[in-house]
Amino acid sequence: MQNTMVSRLVGRLTKKESLDRYLDKDSLLEKSMDAKDLVLLGVGTEIGSGIFILPGTVAALYSGPGIVVSFVLAALVCSTAAMCYAEFSSALPVAGSAYSYGNIVFGEFVGWVIGWALVLEYMLSVAAVSTGWSAYLISFLKGLGITVPKAITGSFDPAHGTYFNLFAILIVLGISLLLTQGVKTSTRINNIIVVAKIAIIILFIVVGLFYVKPSNWTPFMPYGSHGIMRGASLVFYAYLGFDCVSASAAEVKNPRRNMPIGIIGTLIICTLLYMVVAAVLTGMVSYTKLNVAAPVSYALQLVNQNWVAGIISIGALAGMFTMMLSMVYSSSRLIYSIGRDGLLPKGLGKIEMKHQVPSHSLLAVTIVIAIMGGLVSLDRLTQLVNIGTLVAFTMMSLGVLPLRKRQDLQNTGFKVPLYPYLPIISAGLCVWMLLQLPLETWIVSGIWFAIGVVIYVTYGVRHSQLNQN
């Protein structure tokens, strides 16, 4: 009797979703995005304000001018997971990214764990960036002689005179309002801003090239190969976000072709931009002077190009805006997918037909992110973004193995090369990155996943549409 109950429970937890059912459910979403839109969505997510900060601080503390090599190594590591995502998105063009993929190849429970990890990644990252965007805007306004009352500039902390972060809340609400207008409208605006942001980055590169001194690149590796590797582990996180591209698969025209282009194209463009910015920056100023809050602006001010430094500030605000836009979009599609399957209230899985968007899930993530960004101090929680991402990366890398063996999921699109070795290597690299995270992060994330298991057991199992079939 006990063995029967255990086997029944295991069978229930590992019961796999049907691709056809997902395709039928997601058919209400508008398919309007092409490869160009996907690449710009990915670049908008990955290239934020960090491109103006990360190359300088990591070069100063760990890699020196060899930061360029650190970016290459990080891109190689990230590319293995990116190719696994590309195969999944080509074979399974459905909403929900790794959550839905996990449901189809591993079963509902593993899919839920992956989805719960992605909820952590998406919502925390947007909330954290919204506070950064607010701080940057307040600084920008101060430069124009406009002073914002302290009470509305930070998280709820009456002892230090702050009650809520008004601009963090407003930017999240504004992005949500934009997304309610449909994918075509939000994609068009995202594309315009991303192109403008890339133009600002190219402006820095072109102006900076005139002030490059090759002597600043010597020594190239002042901290040795260990410094290069340490730098690679830090800048690795600059590439996180291409998984957001896969969240849009159900709204893409010809996904078997366009999804791999969007994911891999994002990685290539972002790698080139990071490398060139890092090379120009360390060529303009000695790496020893770049451990400052805004190294790119600092370098431009040293060569009396203050007007370009001012434009860089606008570029940083644009960078954070497009990152939040992509992440709020991806968050809403993730929550929609979980609600679609009954693991969260089914109202979250409904599509508003006028603009063909999951308006209920969008409203839910907007409320949560606005509260977190406006009232909660996120300084010690942002590392949880990394663990959520890497858990999903690890499972998707391993997931390619059962995906290839499924006769009912014949993939005529992109396939990971060097199978099965590259997916296994990818999983191993992701586990190695997970082991670099501090114990505190593991403890807090353990609590998060425990909460997720409780929600699944007490609500998800009883309301799951898969288990009702």
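Predicted model, so just to flag it, every value in this text is computed and none were measured.

To continue, consider the overall build of the chain. Scanning the chain for helices and strands turns up 19 helices and 0 strands. The C-alpha radius of gyration computed for the chain amounts to 22 Å, which stays within 12% of the reference 23 Å derived for 469 residues, consistent with globular compactness. When the 469 residues of the chain are sorted by exposure, 56% land in the buried category. Summed over its atoms, the accessible surface of the chain is roughly 19,000 Å², and 69% of this surface lies on carbon and sulfur atoms.

This part takes up the nonpolar core. Across soluble globular proteins, nonpolar side chains show a tendency to be buried alongside one another. Among the nonpolar cores identified, the biggest contains 142 residues, and Leu92, Trp133, Phe204, Leu300 and Phe393 are the most heavily contacted of them. Ranked by residue count, the leading element in this core is helix α7 (residues 108–143), at 18 residues. Counting residues in hydrophobic clusters, the runner-up holds 5 residues, among them Leu29, Ala95, Ala250 and Tyr336.

What the rule picks out here adds up to 9 aromatic pairs. Centre to centre, the rings of Phe88 and Tyr101 are 5.2 Å apart; their planes meet at 15 degrees, and the pair counts as stacked. Here Phe88 is found in helix α5 (residues 67–91), whereas its partner Tyr101 is found in helix α6 (residues 97–105), with 13 residues between them in sequence. For the pair Phe88 and Tyr101, a shared accessibility class is recorded, and that class is buried. Taking the centre distance of 6.1 Å and the plane angle of 80 degrees together, the rings of Tyr223 and Tyr287 count as edge-to-face. Residue Tyr223 is located in the loop between α9 (183–209) and α10 (224–235), and its partner Tyr287 is located in the loop between α12 (255–284) and α13 (295–302); the two are separated by 64 residues in the primary sequence. Through a chain of ring-to-ring contacts, three or more aromatic side chains come together here, namely Phe109, Trp112, Trp116, Trp448 and Tyr456.

In this model, the chain carries a mean pLDDT of 87, and residues with pLDDT of at least 70 account for 96%. The secondary-structure element of the chain with the lowest mean pLDDT is helix α1 (residues 2–13), recorded at 61, while helix α8 (residues 166–179) shows the highest, at 93.

This paragraph deals with the environment of Ile189. Relative to the assigned elements, Ile189 resides in helix α9. You can call Ile189 partly exposed: its relative accessible area is 30%. As for Ile189 and Leu178, which are separated by 11 residues in sequence, their C-alpha atoms are 9.0 Å apart.

Across all of its chains, the model carries 0 disulfides by this definition. We note that Cys78 lacks a disulfide partner, and the nearest cysteine sulfur, in Cys430, lies 8.0 Å from it. The buried category is assigned to Cys78, whose relative accessible area is 0%. Cys270 takes part in no disulfide bond, and the closest cysteine sulfur, belonging to Cys78, lies 9.7 Å away.

We now examine the packing of α7 against α8. Any two packed helices are characterised by how steeply their axes cross, that is the angle between the axes, and by the distance between the axes. Direction vectors running N to C along α7 and α8 enclose 115 degrees, while the axes themselves pass 8 Å from each other. In the crossing of α7 with α8, the sense of the turn from one axis to the other is right-handed. Contacts from Ser130, Thr131, Trp133, Ser134, Leu137, Ile138 and Leu141 in α7 reach Phe167, Ala168, Ile171 and Val172 in α8. Residue composition of the contact of α7 with α8, by class: 8 nonpolar, 3 polar and no charged.

The interhelical angle for the contact between helix α4 (residues 54–63) and α5, taken along N-to-C directions, is 105 degrees, at an axis separation of 9 Å. Overall, the two elements α4 and α5 adopt an arrangement that is roughly perpendicular. Between α4 and α5, the residues in contact are Pro55, Val58, Ala59 and Ser63 and Ile67, Ser70 and Phe71, respectively.

This part takes up helix α15 (residues 359–375). For α15, built from 17 residues, the straight-helix expectation of 24 Å at 1.5 Å per residue is met to within 8% by its first-to-last C-alpha distance of 24 Å. Taken as a whole, α15 has its buried residues at Ser361, Leu362, Val365, Thr366, Ile369, Ala370, Met372, Gly373 and Gly374.

Before going further, it helps to examine the side chain of Glu17. Among the secondary structure elements, Glu17 is positioned in the loop between α1 and α2 (19–26). Engagement of the side chain of Glu17 in a polar contact is seen with the side chain of Arg21, the distance being 2.4 Å. Setting aside residues up to four positions removed in sequence, Glu17 forms contacts with Tyr22, Asn103, Ile104, Asp341 and Leu466.

Its place among the elements puts Leu29 in the loop between α2 and α3 (35–46). Other than its neighbours up to four places away in sequence, Leu29 contacts Ala95, Ala250, Glu251, Tyr336, Ile351, Gln356 and Pro358.

Attention now goes to unusual backbone geometry. For residues other than glycine, phi is negative in most cases, and the peptide bonds are mostly trans. Note that the residue after Thr218, namely Pro219, is joined by a cis bond; omega there is -5 degrees. Note on placement: Pro219 falls in the loop between α9 and α10. Of note, the bond from Tyr419 into Pro420 is cis; its omega dihedral lies within 30 degrees of zero at 0 degrees. Here Pro420 is to be found in the loop between α16 (383–405) and α17 (421–435). Its identity is not glycine, yet Leu418 carries a phi of approximately 55 degrees, on the positive side. Of note, Leu418 is situated in the loop between α16 and α17. Its relative accessible area of 62% is what places Leu418 among the exposed residues.

Here is what the cut-offs are and how they apply
Residues numbered from 1 in each chain as written. Predicted model: local features only at pLDDT ≥ 70, side-chain atom pairs only at ≥ 80, totals over all residues. Heavy atoms only, no water. Helix = DSSP H or I, 4+ residues; strand = E, 2+ residues; numbered from the N terminus. Rg over C-alpha atoms; globule rule 2.2 N^0.38 Å. Buried < 20%, exposed > 50% of the residue type's maximum accessible area, 1.4 Å probe, protein only. Areas by Shrake-Rupley, 256 points an atom, 1.4 Å probe, with all protein chains shown as cover. Core = buried A, V, L, I, M, F, W, Y, C linked by side-chain atoms within 4.5 Å. Phe/Tyr/Trp six-rings, centres within 6.5 Å; stacked < 30°, edge-to-face > 60°. pLDDT = per-residue confidence, 0-100. Disulfide = S-S within 2.5 Å. Axes fitted to C-alpha atoms, helices over the stretch in contact; angles between N-to-C directions. Left-handed = near helix turned anticlockwise from the far one by under 90°. Contact = heavy atoms within 4.5 Å. Nonpolar A, V, L, I, M, F, W, Y, C, P; charged D, E, K, R; others polar. Parallel < 35°, antiparallel > 145°, perpendicular 65-115°, else oblique. Expected span 1.5 Å × (residues − 1). Polar contact = N/O pair within 3.5 Å; in protein donor to acceptor, adjacent residues only side chain to side chain.

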